[in-house]
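# Reading the structure
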Amino acid sequence: MSASKLRELSTDFAVAVIKQCETIRGHYSLVNQLERSATSIGANIREANYAHGKPDFIAKLQIALKECYETEYWLELFEKSGIMNKGTADNLYTQCGTIRRLLIASVNTAKGNLHDK
């Protein structure tokens, strides 16, 4: 998968989360946490493109991956607590999972390339 596709997916995901969060009343601190982790994924992917060498590139992608895991937690919490309906939460969770799997593959490839040199 190309880096531009990963950037596109993460941006589209962040926009979907932002739009969904706009519909939630109350729970402002939780909404803030979800928005911050979801938007951080794409921000770190973008930062990776301007990394100072391969180790920095890998580190940025690993941060994006950690943000994916955090976002999945918030989505699960929102769904289980009834803050977000199951269908919406499942859709966002699926999108986040796709990005997570792509990030795992990208990190593993980058690490492999780092050790091959």
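Structure shown above.
Note that the structure is predicted; figures quoted are calculated from it, not measured.

Parameters at a glance
Residues numbered from 1 in each chain as written. Predicted model: local features only at pLDDT ≥ 70, side-chain atom pairs only at ≥ 80, totals over all residues. Heavy atoms only, no water. Helix = DSSP H or I, 4+ residues; strand = E, 2+ residues; numbered from the N terminus. Rg over C-alpha atoms; globule rule 2.2 N^0.38 Å. Buried < 20%, exposed > 50% of the residue type's maximum accessible area, 1.4 Å probe, protein only. Contact = heavy atoms within 4.5 Å. Areas by Shrake-Rupley, 256 points an atom, 1.4 Å probe, with all protein chains shown as cover. Lys, Arg positive; Asp, Glu negative; His and termini not counted. Charge placed at Lys NZ, Arg CZ, Asp CG, Glu CD. Phe/Tyr/Trp six-rings, centres within 6.5 Å; stacked < 30°, edge-to-face > 60°. Core = buried A, V, L, I, M, F, W, Y, C linked by side-chain atoms within 4.5 Å. Salt bridge = Lys/Arg side-chain N within 4 Å of Asp/Glu carboxyl O.

## Let's talk about the overall build of the chain
In terms of regular secondary structure, the chain is built from four helices and zero strands. Relative to a compact globule of 117 residues, whose C-alpha radius of gyration would be 13 Å, the chain shows 15 Å and is just as compact. A principal-axis box enclosing the C-alpha atoms of the chain has dimensions of 50 × 20 × 20 Å. Out of the 117 residues belonging to the chain, those deemed buried represent 36%. Sequence-distant contacts in the chain: of pairs separated by 6 or more residues, those separated by 24 or more amount to 74%. Total accessible area on the chain stands at roughly 6700 Å², and carbon and sulfur atoms take up 53% of it. A distance of 4 Å separates the average location of the 15 positive side-chain charges in the chain from that of its 13 negative side-chain charges.

## Considering the packing of aromatic side chains
Summed over all chains, the structure comprises one aromatic pair. Seen from their ring centres, Y73 and W74 are 5.0 Å apart, and the 65° between their planes marks the pair as edge-to-face. The exposure class assigned to Y73 is partly exposed, which follows from its relative accessible area of 45%.

## As for the nonpolar core
In terms of nonpolar packing, the biggest core is built from 29 residues, with F13 and L103 touching the most fellow members. Those elements giving two or more residues to this core turn out to be α1 (3-21), α2 (28-48), α3 (54-80) and α4 (86-116). If we skip the residues at most four places from it in the chain, F13 touches A38, I41, T71, L75, L92, Q95, C96 and I99.

## What about the environment of N91?
The topology assignment puts N91 in helix α4. For the pair N91 and A16, spaced 75 residues apart in sequence, the C-alpha separation works out to 9.9 Å.

## Observations regarding the pattern of salt bridges
Under the defined criterion, the tally for this structure stands at five salt bridges. Between K5 and E8 there is a salt bridge, and its shortest N-O distance comes to 3.8 Å. Remark: E8 and K5 occur in helix α1; sequence separation between them is three residues, near one turn of the helix. Residue K5 is classed as partly exposed on the basis of its relative accessible area of 33%. When its relative accessible area of 42% is taken as the criterion, E8 is described as partly exposed.

Everything listed here is a matter of geometry and, on its own, says nothing about what the molecule does.
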